[in-house]
Amino acid sequence: MRKLIAGNWKMNGLLAELEDVASICEAVAAHPSVDTALCIPATLIRSAAGRFADMAIGGQDWHMAASGAHTGCISAEMLADAGAKLTIIGHSERRAAQGESDADIRGKALAAKRAGLAAILCVGETEAERDAGRAEAVVLGQLEGSMPDDAASEWISVAYEPVWAIGTGRIPSVEDVKAMHAAIRGALVARFGTDGSNIRILYGGSMNGDNAASLLAIPDVDGGLIGGASLKADKFLPIVAAAAAA
Ligand code: PEP
């Protein structure tokens, strides 16, 4: 399976940072064996999409309705209209800060499909849940509740992102990542049959140039979702290079 390295810029990036998108795109072009994407603020998508052919440009969030009386919101169709090819759903920052439920996330997955966007569906346990021995149950519960029944590998990927590893510089052990990705793979195959083995499972949470090679070598780690290290080419490129070598 081709690995996917996707960046999540979160609420970072003004028009002045478009040159950072350009340098990231130029850098990743050296590794055509890896699929790459950058999910940037909606305000930058139209300026970035189309200009950078070696990397997919994506958005981060949207309202699940196609249009209507939702002041301040944008739809998946609007992201696609601006040139986005993919989106992120179920990120723990939105589950926690915006109170998004598994049902909301499932609705957004269907909205992404309706608009022709690929989706990266995030799942992950908090530190308290891991300490209580509930990490796998929590993650598989989120997967079951937020993945739509007609999910297919051509448009959906899963990202396992332990909440306590996001932006903290801490990562789980290789054994813990291996066990969680195997559990997710088992659940995907049980639910979606053969196609479940083709759905990419990314790892996310403090991945960087120093730890990417060991994380990406773990079975069923089919790529990475990268936050902080996706903002600059010199941080993002070593991760893409590690994916190319894995
Ligand atoms: C994320 O927020 O999806 C993420 C992986 O962030 P970071 O790489 O900064 O931990």
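Below or above, wherever it landed, is the structure these notes cover.

Comments concerning the packing of aromatic side chains
Step number 1: Evaluated as defined, the whole model comprises one aromatic pair.
Step number 2: Directly above the ring of Trp-62 sits Lys-108, whose terminal nitrogen or CZ lies 5.9 Å from the centroid.

Here's the deal with the pattern of salt bridges
Step number 1: Evaluation of the coordinates by the stated rule reveals 20 salt bridges.
Step number 2: For Arg-130, the salt bridge is made with Glu-125, and the minimal N-O distance between the two is 2.7 Å.
Step number 3: Taken together, the salt bridges that share partners define one network made up of Asp-61, Arg-94, Glu-100 and Lys-108.

Notes on the site of the ligand
Step number 1: Around the ligand sit 14 residues, and of these Lys-10, His-91, Glu-161, Gly-167 and Ser-206 come closest.
Step number 2: Take Ser-206: an N or O atom from its main chain is 2.8 Å from an oxygen atom of the ligand.
Step number 3: Interatomic distance of 2.8 Å between a backbone N/O atom of Gly-227 and an oxygen atom of the ligand.
Step number 4: Out of a free accessible area of 290 Å², the ligand has 94% covered by protein chains.
Step number 5: Residue classes in the shell around the ligand are distributed as four nonpolar, eight polar and two charged.

Section: the side chain of Ser-146
Step number 1: Residue position: Ser-146 is located in helix 7 (residues 135-146).
Step number 2: A polar contact is formed between the side chain of Ser-146 and the backbone oxygen of Gln-142, at a distance of 2.4 Å.
Step number 3: Among residues more than four places away in sequence, those in contact with Ser-146 are Arg-95, Asp-102, Ile-105, Arg-106 and Leu-121.

Notes on unusual backbone geometry
Step number 1: Of note in the backbone geometry, Ser-206 takes a positive phi value of approximately 55° without being a glycine.
Step number 2: With respect to the helices and strands, Ser-206 occurs in the loop between strand 7 (201-204) and helix 9 (212-216).
Step number 3: The class of Ser-206 is buried, set by a relative accessible area of 17%.
Step number 4: Even without a glycine there, the phi angle at Asp-220 is positive, about 70°.
Step number 5: If you trace the backbone, Asp-220 turns up in the loop between helix 9 and strand 8 (223-226).
Step number 6: Among the residues examined, Asp-220 registers a relative accessible area of 27% and is labelled partly exposed.

Remarks on helix 1 (residues 18-28)
Step number 1: Most of helix 1 is tucked away: eight of the eleven residues are buried.
Step number 2: Those residues of helix 1 that are buried are in contact with strand 2 (35-39), helix 2 (42-48), strand 3 (56-58) and helix 10 (233-245).

Considering helix 8 (residues 174-192)
Step number 1: The end-to-end C-alpha distance of helix 8 is 26 Å, a good match for the 27 Å that 19 residues give at a rise of 1.5 Å each.
Step number 2: Within helix 8, the full set of buried residues consists of Val-177, Met-180, His-181, Ala-183, Ile-184, Arg-185, Leu-188 and Phe-192.
Step number 3: Of the surrounding elements, those touching the buried residues of helix 8 are strand 5 (118-123), helix 6 (127-131), helix 7, strand 6 (156-160), strand 7 and helix 9.
Step number 4: At the C-terminal side of helix 8, Gly-193 shows a positive phi close to 65°.

Conventions we followed
Numbers given to residues run from 1 along each chain, matching the order in which its sequence is written. In keeping with the predicted nature of the model, local features appear solely for residues at pLDDT of at least 70, side-chain atom pairs appear and are counted solely at 80 or more, and the whole-chain, interface and lining totals rest on all residues. Excluding hydrogens and water, the side-chain values take into account all heavy atoms of the structure. Aromatic rings from Phe, Tyr and Trp, with only the six-membered ring used for Trp, were paired whenever their centres fell within 6.5 Å, and each pair was classed as stacked if the ring planes differed by under 30 degrees, edge-to-face if by over 60, and tilted otherwise. Distance and angle both matter: a charge sits over a ring if NZ of Lys or CZ of Arg is within 6 Å of the ring centre and within 35 degrees of the ring normal. Salt bridge criterion: a side-chain nitrogen from Lys or Arg within 4 Å of a carboxyl oxygen from Asp or Glu. Throughout this document, a residue counts as near a molecule or strand when at least one of its heavy atoms sits within 4 Å of that molecule or strand. Think of a polar contact as two N or O atoms within 3.5 Å of one another; within protein, one of them needs to be a possible hydrogen donor and the other a possible acceptor, and neighboring residues in sequence only count if both atoms come from side chains. The accessible surface values rely on the Shrake-Rupley method and a 1.4 Å probe; as for residues, cover is taken only from the protein chains in view. Put simply, Ala, Val, Leu, Ile, Met, Phe, Trp, Tyr, Cys and Pro go in the nonpolar bin, Asp, Glu, Lys and Arg in the charged bin, and everything else, Gly too, in the polar bin. Here a strand is any run of E in DSSP of at least two residues, a helix any run of H or I of at least four, and the numbering for each starts at the N terminus. By definition in these notes, contact holds between two residues if any of their heavy atoms fall within 4.5 Å. Burial classes: relative accessible area under 20% of the type maximum marks a residue as buried, over 50% as exposed, and values in between as partly exposed (1.4 Å probe, protein chains only). By definition here, a helix of n residues has an expected span of 1.5 Å times n minus one.

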